[in-house]
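# Notes for the structure review
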Amino acid sequence: MAIKKMGNQTVKFSNPPSIISTASIVGPKEGEGPLKDYFDIVLEDDLYGESTWEKSESKLQKKSVNNALNKASLSLSEIDYIFGGDLLNQIIASGYSARDLQIPFFGLYGACSTMAESLSLGAMIVDGGYADKVVCVTSSHFSSAERQYRFPLELGNQRSLSAQWTVTGAGASILSSNGNGPYITHVTTGKIIDPGIKDVFNMGAAMAPAAVDTIITHFNDTGFAIDDYDYIVTGDLAAIGKDILLDMTKEEGLDLTEKYKDCGLEIFDNEKQDTHAGGSGCGCSATVFNGYLYNLLINRKINRILLVATGALHSPTSTQQGESIPGIAHAVSICTNIS
Amino acid sequence: MDYLKAFIVGGLICIIGQILIDSTKLTSAHILVSFVTAGVILTAIGIYEPIVSFAGAGATVPLPGFGYSLAKGAVKAVKESGLIGVFTGGITATAGGVSGAIVFGYIMAIIFDPKTKS
Amino acid sequence: MKNINIKDYSKYVDEKIPKTNYFKNSFRAFIVGGLICTLGQGITNYFNSIGLNNEEVSTVTAIILVFLGAFFTGLGLYDKLGKFAGGGSIVPITGFANSIVSPAMEYKKEGYVLGVSAKMFSIAGPVLVYGYGSAVIYGLLYFLFTK
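This report concerns the structure included in the present document. Numbering of residues starts from 1 in each chain and follows the order in which that chain's sequence is written. Lettering for chains starts from A, numbering for ligands starts from 1, and both go in the order in which the items are written. The model is predicted, so local features are restricted to residues of pLDDT at least 70 and side-chain atom pairs to those at 80 or more, both for listing and for counting; the totals for chains, interfaces and linings are taken over all residues. In computing side-chain properties, one takes all heavy atoms of the structure into account and sets aside hydrogens as well as water.

### Quick word on the pairing of strand E10 (residues 183-188) of chain A
All names here are of chain A. Stated formally: The classification of residues rests on relative accessible area computed with a 1.4 Å probe and restricted to protein chains. Under 20% of the type maximum is buried, over 50% is exposed, and intermediate values are partly exposed. Secondary structure elements follow DSSP: runs of H or I of four or more residues count as helices, runs of E of two or more count as strands, with numbering from the N terminus. Whether two strands pair comes down to DSSP finding at least two bridges between them.
Here E10 lies mainly inside the structure; 6 of its 6 residues are buried. Strand direction decides the pairing type here: E10 and strand E15 (residues 327-335), joined by 5 bridges, are antiparallel. Counted as the bridge partner of His186 is Ser333 from E15.

### Regarding the environment of A:Thr275
Residues and elements named next belong to chain A. Here is the rule we go by: Any two residues having at least one pair of non-hydrogen atoms within 4.5 Å are treated as being in contact.
The residue Thr275 is located in the loop between helix H8 (270-273) and strand E13 (279-280) in this model. Between the C-alpha atom of Thr275 and that of Ser56, which follows or precedes it by 219 residues, the distance is 22 Å. Leave out the neighbours within four places in its chain, and Thr275 touches Lys29, Ala163, Gln164, Trp165, Phe268, Asp269 and Asn270.

### Observations concerning the pattern of salt bridges
Proximity of charged atoms lets side chains of opposite charge pair with each other. All names here are of chain A. Under the convention used in this document: One side-chain nitrogen of Lys or Arg within 4 Å of one carboxyl oxygen of Asp or Glu is enough to make a salt bridge.
For the structure shown, the criterion picks out 23 salt bridges over all chains. Across the salt bridge formed by Glu50 and Lys59, the nearest N and O atoms sit 3.7 Å from each other. The salt bridge partner of Glu266 is Lys261, with a shortest N-O separation of 3.7 Å. Lys261 carries the same exposure label as Glu266, and that label is buried.

### Some points on the interface of chain A and chain C
Many authors give the size of an interface as the accessible area that is lost as the parts come together. Quick reminder of the rule: Defined in terms of a 1.4 Å probe, buried area is the accessible area two parts forfeit on being brought together, summed over both.
The partner chain C presents 33 residues to the 31 residues of chain A that form the contact. Carbon and sulfur atoms supply 58% of the area buried between chain A and chain C, which totals about 2700 Å² over both sides. On the chain A side of the interface with chain C, the three residues burying the most area are A:Arg147, A:Glu154 and A:Gln158, jointly 25% of the side's total. Counting every contact that joins chain A to chain C gives 5 salt bridges. Between C:Glu110 and A:Arg147 there is a salt bridge whose closest N-O contact spans 2.9 Å. Elements that contribute at least two residues to the side of chain A that touches chain C include exactly helix H5 (203-222) and helix H6 (238-251) of chain A. Looking at the side of chain A that touches chain C element by element, the count peaks at 6 residues for H6(A).

### Quick look at the interface of chain C and chain B
The following threshold applies: Pairs of N or O atoms within 3.5 Å make up the polar contacts considered here, provided that, within protein, one atom can donate a hydrogen while the other can accept it, and that residues adjacent in sequence are counted only when both atoms are side-chain atoms. Just so you know the grouping, Ala, Val, Leu, Ile, Met, Phe, Trp, Tyr, Cys and Pro go in nonpolar, Asp, Glu, Lys and Arg go in charged, and all remaining residues, Gly too, go in polar.
With 68 residues of chain C at the contact, the number on the chain B side is 68 residues. At the boundary of chain C with chain B, the tally comes to 3 salt bridges. Taking the shortest distance from any N to any O, the salt bridge between B:Asp113 and C:Lys108 comes out at 2.9 Å. At the boundary of chain C and chain B, one finds 15 residue pairs in polar contact (both at pLDDT 80 or more). Of all the elements in the fold, those that place two or more residues in the side of chain C that touches chain B are helix H2 (22-49), helix H3 (54-74), helix H4 (78-85), helix H5 (87-90), helix H6 (93-106), helix H7 (112-119) and helix H8 (121-146) of chain C. Here the element with the most residues in the side of chain C that touches chain B is H2(C); it accounts for 17 residues. A breakdown of the residues in the side of chain C that touches chain B according to their chemical character gives 41 nonpolar, 22 polar and 5 charged.

### With respect to the packing of aromatic side chains
In plain terms, the rule: Classification of ring pairs rests on two measures: the distance between centres of Phe, Tyr or Trp rings, Trp counted by its six-membered ring, which must be within 6.5 Å, and the angle between planes, read as stacked under 30 degrees, edge-to-face over 60 and tilted in between. Remark: a charge is flagged as sitting over a ring if the NZ atom of Lys or the CZ atom of Arg is within 6 Å of the ring centre and within 35 degrees of the ring normal.
According to the stated counting rule, one finds 18 aromatic pairs over all chains in the structure shown. Pairwise contacts between aromatic rings join B:Phe104, B:Phe112, C:Phe67, C:Phe71 and C:Phe72 into one cluster. Taking the ring centre of A:Tyr48 as reference, the NZ or CZ of A:Lys59 above it sits at 4.4 Å. Over the ring of A:Tyr231 we find A:Lys261; its NZ or CZ atom is 4.8 Å from the centre of that ring.

Remember, this is a structural readout, not a statement about activity or role.
See the structure below:
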């Protein structure tokens, strides 16, 4: 019997796993943004000494895992599983990084929602007693995503005003069955919601309804009130998606205005950095959570957040075939104390 | 004077492209394809020739000018060699530019690497 | 959550998208596109003055402009020009060169046959297919109706 299940889509952990260490690494552009002081490493060159963008992205993941381990004085052999994902075809950034790390590997694809997906599954495995320590890691890279999803870098075209900027970066969290928090207490797994958007330069609008659905379900399932949270943070809805989410949640009777943040709007200064609607990519919520938000949590500046990473589950093939963009959002409830 | 004509007509053709980009979801690939095809059609129905004689490079440098060369080449070859010219005309008239683009493209790709955007 | 009506949602989303500044974009396209054409006129005038015939002049002009488009793409400057000028640098033949060189450079790591050479036609290929295709159709019509 699913004794830990709560409501329709939520799991409540009986031994909430602790996030004992995190690491974040970002590219040069992210390193000039408003959150620059919260990242562990800012690259000067986003090729990171490698010959291809894909190898560079893989190295970002590997580095962030090693960094998170070092911070907690752990070695690779103490980790039971790694949950990793990225945006590339067949998630090669994760596959090649896991090849080098030699930890039992679960590869995940949830597009830009993968950080929350990996935290959800990692927490379930730890709470279930199948592992003591797991690593959750995701990455994205502007240049590798651009060539896969959009256009060659040197093509002289103009970006649409609703377009988002893929974050170059990776973030890793280590979850442990023992620790002093912050703890993952609840997980709400999202359903796919497809509002029929076909414009790949308007991902925020494609993903916002999924985030709304997951957030509402989370509150219904857990009985939490908005005031139980300091922040409700979406992954990469950016400027347009943020507006839509606030409108739609208000219609459902939830006013998130005071508590709401979006990683895609935190990581860049859209005006100064010319990133149009804001940041996106697996690396967006990964670096903002593991860098900025985790810092606020361990320093007790905030006590409880709902991290709702959002993903657009399309591919260049589905786009060319005229399919709409299915959105998904996974929510992870993180709290500094569980008295 | 011919410089001013080239500037204004060339600029106007580019504005048409810009408005198409801004008001539709067309990518630059769609713009290039439709401008070349439009150049062939406009030449065929006799509209583009007068623009070329008025504006010179202002009409031949934008991509409808590529279509203009194709159409002119097709007609010339049909006059000279009949049905065979149907197939050889366009490609012959534009061989220089296309070969140039292929050769220079290959060389540049060998010499240079793409840089990330900032 | 309530079910979403796809039509209403799409209308609602369109209102959220920031408005394009048509005037500014068109002005930039006009200036840059006009300047590239003026450069083309200069090249044309020069080769006319040294006695080349019309066909030779237009071929040489195309080759030189294609070279410049390819070279500035290689230097990493054409994408910056394109960001500023949009249609002003896409529509001239230099933009055609950019559409060939940019994927060719991008896919060098995938090899010189299936990378550089195959990908260089990802945008230019359709241009040639439709360009040559429509020229053959026109040639055929001309052949049928003028004989």
